[in-house]
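Analysis of the macromolecular model
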Amino acid sequence: MIRGFLRETDAIAVLTGAGVSAESGIPTFRDAQTGLWARYDPMELATPQAFARDPALVSRWYDERRRKSADCEPNPGHLALTRLQEEFEAAGKHFTLITQNVDRLHQRAGSRGLLELHGTFWVWRCTSCGEEREEWEVPFPEHPPRCQCGGTRRPSVVWFGETLPESVLAAAWQAAEHCGLFLSLGTSSLVEPAASLGRVAAAAGAKTVEINPQETPLSPWVDVSVRGTTGKLLPTILSARE
Ligand code: BJW
Ligand code: ZN
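Below, the structure is looked at part by part. Predicted model, so just to flag it, every value in this text is computed and none were measured.

**Re the sheet that holds strand S3 (residues 115-116)**
Here six strands make up an open sheet; going across it, the order is S3-S2-S1-S7-S8-S9 and the pairing parallel. Two strands lie at the open edges of the sheet, namely S3 and strand S9 (224-226), each paired on one side alone. By the bridge criterion, six bridges tie strand S1 (residues 11-16) to strand S2 (residues 94-99) in an arrangement that is parallel. In the strand pairing of S2, alanine 11 is matched with histidine 94.

If you want it as structure tokens, here you go:
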């Protein structure tokens, strides 16, 4: 059925979450933290309050995640999405990749023009002068890293209670409202406003598909909910079409 949806649509919107990077070896956001981080709750660390209270701790948490992600490679799920984008665009069709992931593995897999709803931990911003730049050094020599102006730098990610980049969210909303097919991949569909995109697409009449080993709050809303991993299923679904 998914192959039929893919053939019939000329506009596809894809929303990805941490599950898509799981098969690259990057733990999902809500996965139990290991080692030194086991006693911290990611839902609390990913807040402006945690950074205000203990910027060094939060900086070290992100640095550790940057280090892990630098050691990982895009998996067959990322690569299948890159191929799907190339195929759609070559045929003059619309393809929008919306990600909640901050690891940039989609870009490393060759995806282009994607919408990063929650920013990325490869860009850091000065909390004093606002200067923003890519930071590829891993690990940082000091925590938190400092700006030339003397200010403290923070990761350019969206924490709980912060607003998403307005133009990125507007573009994602527009893609969900106007697509013929919406794919929700590897996300728990718990975090708003990203979690609403699938329902927006369904309400606007799009076909909707979810791939996740677990049921999510989106599952009852979609046309097809497949229990499995994106690294295994995406290449299979896409190659079986050819
Ligand atoms: C696999 C797999 C495999 C495993 N293959 N799958 C409306 C109602 C209630 C609350 C709110 C609301 N609107 C806003 C809020 C508050 C809040 C919110 O949503 N809270 C909920 C928790 C209830 N939202 C916000 O604060 C947002 N801001 C906002 O809305 O501003 C306006 C506003 C503010 C305040 C009040 C009202 C309005 C900002 C949200 C920012 C989220 N940021 C984070 C951190 C980014 C930096 C970092 O990574 O550290 O983004 S939180 C975290 O969750 C991260 C993720 O991108 C995001 C989504 O998680 P994701 O990707 O779904 O990962 P997991 O771990 O949850 O799930 C992984 C899934 O993969 C699982 O389902 C597995 O089964 C699956 N899986 N292996 C496929 N191999
Ligand atoms: Zn500065």
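Now that the structure is up, let's keep going.
**Description of the side chain of asparagine 75**
Its location among the elements puts asparagine 75 in the loop between helix H5 (55-70) and helix H6 (76-90). Since its relative accessible area comes to 3%, asparagine 75 is described here as buried. Only 3.1 Å separates the side chain of asparagine 75 from the side chain of serine 24, close enough to count as a polar contact. In contact with asparagine 75, not counting residues within four places along its chain, are Val20, Ser21, Glu23, Ser24 and Gly231.

**As for the coordination of the zinc ion (ligand 2)**
Within the protein, the atoms that donate to the zinc ion (ligand 2) are Cys126 (SG), Cys129 (SG), Cys147 (SG) and Cys149 (SG), at distances of 2.3 Å. In this structure, the zinc ion (ligand 2) is surrounded by four donor atoms whose angles at the metal cover 104 to 119°, and the resulting shape is tetrahedral. Read in sequence order, the donor residues coordinating the zinc ion (ligand 2) give the pattern C-x2-C-x17-C-x1-C. Placement of the pair is cysteine 126 in strand S4 (residues 119-126) and cysteine 149 in the loop between strand S5 (132-134) and strand S6 (153-157), with a sequence separation of 23 residues.

So, how was this worked out
- Numbering of residues starts from 1 in every chain and runs along the sequence as written.
- Written order determines the labels here, with chains lettered from A and ligands numbered from 1.
- Owing to the predicted nature of the model, reporting of local features is limited to residues with pLDDT of at least 70; listing and counting of side-chain atom pairs is limited to 80 or more, with chain, interface and lining totals taken over all residues.
- Side-chain numbers come from the whole structure's heavy atoms, not from hydrogens or water.
- Only strands joined by at least two bridges in the DSSP assignment are considered to pair.
- Only DSSP runs of H or I reaching four residues or more are called helices, and only runs of E reaching two or more are called strands; each is numbered from the N terminus.
- Partly exposed describes any residue whose relative accessible area lies between the buried limit of under 20% and the exposed limit of over 50%, with all areas from a 1.4 Å probe on protein chains only and scaled to the type maximum.
- Throughout this description, a polar contact denotes any pair of N or O atoms lying within 3.5 Å of each other; where both atoms belong to protein, one of them has to be capable of donating a hydrogen while the other can accept it, and for residues adjacent in sequence the pair is counted only when both atoms sit in side chains.
- Contact between two residues is taken to exist if any of their heavy atoms lie within 4.5 Å; hydrogens are not considered.
- Think of the donor list as every N, O and S atom within 2.8 Å of the metal, or within 3.2 Å for Na, K and Ca; water never makes the list, so a site can look incomplete.
- A four-donor site is classed as tetrahedral when every donor-metal-donor angle falls between 85 and 135 degrees; four donors are called square planar, and six octahedral, when trans pairs exceed 155 degrees and all remaining angles lie between 65 and 115, with any other arrangement labelled irregular.

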